[in-house]
Each structure stands twice: as structure tokens, then as C-alpha cells.
Amino acid sequence: MPKNPSIKCSIKPCKHHSSGEDYCTLQEIQVGTHEANPKKIECTDCESFVLS
Ligand code: SF4
């Protein structure tokens, strides 16, 4: 799968990570949160993550 140059990502264990470079290969991703009231970067999640 070619990388999507609009989505940079360093999560190498993800099935959608571009193996050669730090990009995602999906056309789009879903970003969400596991918090009721997110206020910090740590509160955000890539919900398109799939363990490879
Ligand atoms: S789905 Fe999310 S975690 Fe996985 S490579 Fe794409 S941006 Fe990174």
C-alpha cells in the first residue's frame, strides 16, 4: 500500500503503517478520545489503529 502523504504517523506496530516511512497508508483515519473531557494530547487516539 502506498503511503498517504497527508497522514504522518510513527506507530510502527499498526497494520496500516507504511513500512518504509513514518506515514499511514489509509485514505483517511478516525481520531477520537477515551476521555470524557479531553484537554491534553494524551487524551487523543487514532481509532483506525489495528495491531499488525
Ligand atoms: S491507522 Fe492510525 S495508528 Fe495506524 S498507521 Fe494510520 S495513523 Fe498510524
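The rules we used
- Residues numbered from 1 in each chain as written.
- Predicted model: local features only at pLDDT ≥ 70, side-chain atom pairs only at ≥ 80, totals over all residues.
- Heavy atoms only, no water.
- Helix = DSSP H or I, 4+ residues; strand = E, 2+ residues; numbered from the N terminus.
- Buried < 20%, exposed > 50% of the residue type's maximum accessible area, 1.4 Å probe, protein only.
- Contact = heavy atoms within 4.5 Å.
- Areas by Shrake-Rupley, 256 points an atom, 1.4 Å probe, with all protein chains shown as cover.
- Salt bridge = Lys/Arg side-chain N within 4 Å of Asp/Glu carboxyl O.
- UniProt positions renumbered as here; feature names shortened; annotations may be inferred.

On to the overall build of the protein. Scanning the protein for helices and strands turns up 0 helices and 4 strands. N-terminal to C-terminal, the α/β element order of the protein is β-β-β-β. Judged by the C-alpha coordinates and their principal axes, the protein covers about 35 × 20 × 15 Å. The burial tally for the protein puts 25% of its 52 residues in the buried class. Counting only contacts in the protein whose residues sit at least 6 apart along the sequence, the fraction spanning at least 24 positions is 20%. Summed over all atoms, the accessible surface of the protein reaches about 4200 Å², with 54% contributed by carbon and sulfur.

So, on to the pattern of salt bridges. A side chain of one charge can pair with a side chain of the opposite charge when the charged atoms of the two come close. Inspection of the entire model under this criterion finds 2 salt bridges. The salt bridge partner of Lys 3 is Glu 21, with a shortest N-O separation of 3.1 Å. Of the two residues, Lys 3 sits in the segment before strand S1 (4-8) while Glu 21 sits in the loop between S1 and strand S2 (23-24), which places them 18 residues apart along the sequence. A relative accessible area of 40% places Glu 21 in the partly exposed class.

Time to look at the UniProt feature "domain: DUF1540" (unreviewed entry) in the protein. The sites that UniProt annotates as "domain: DUF1540" (unreviewed entry) are residues 7-49. In residues 7-49, helix accounts for 0% and strand for 23%; the two terminal C-alpha atoms are 13 Å from one another.

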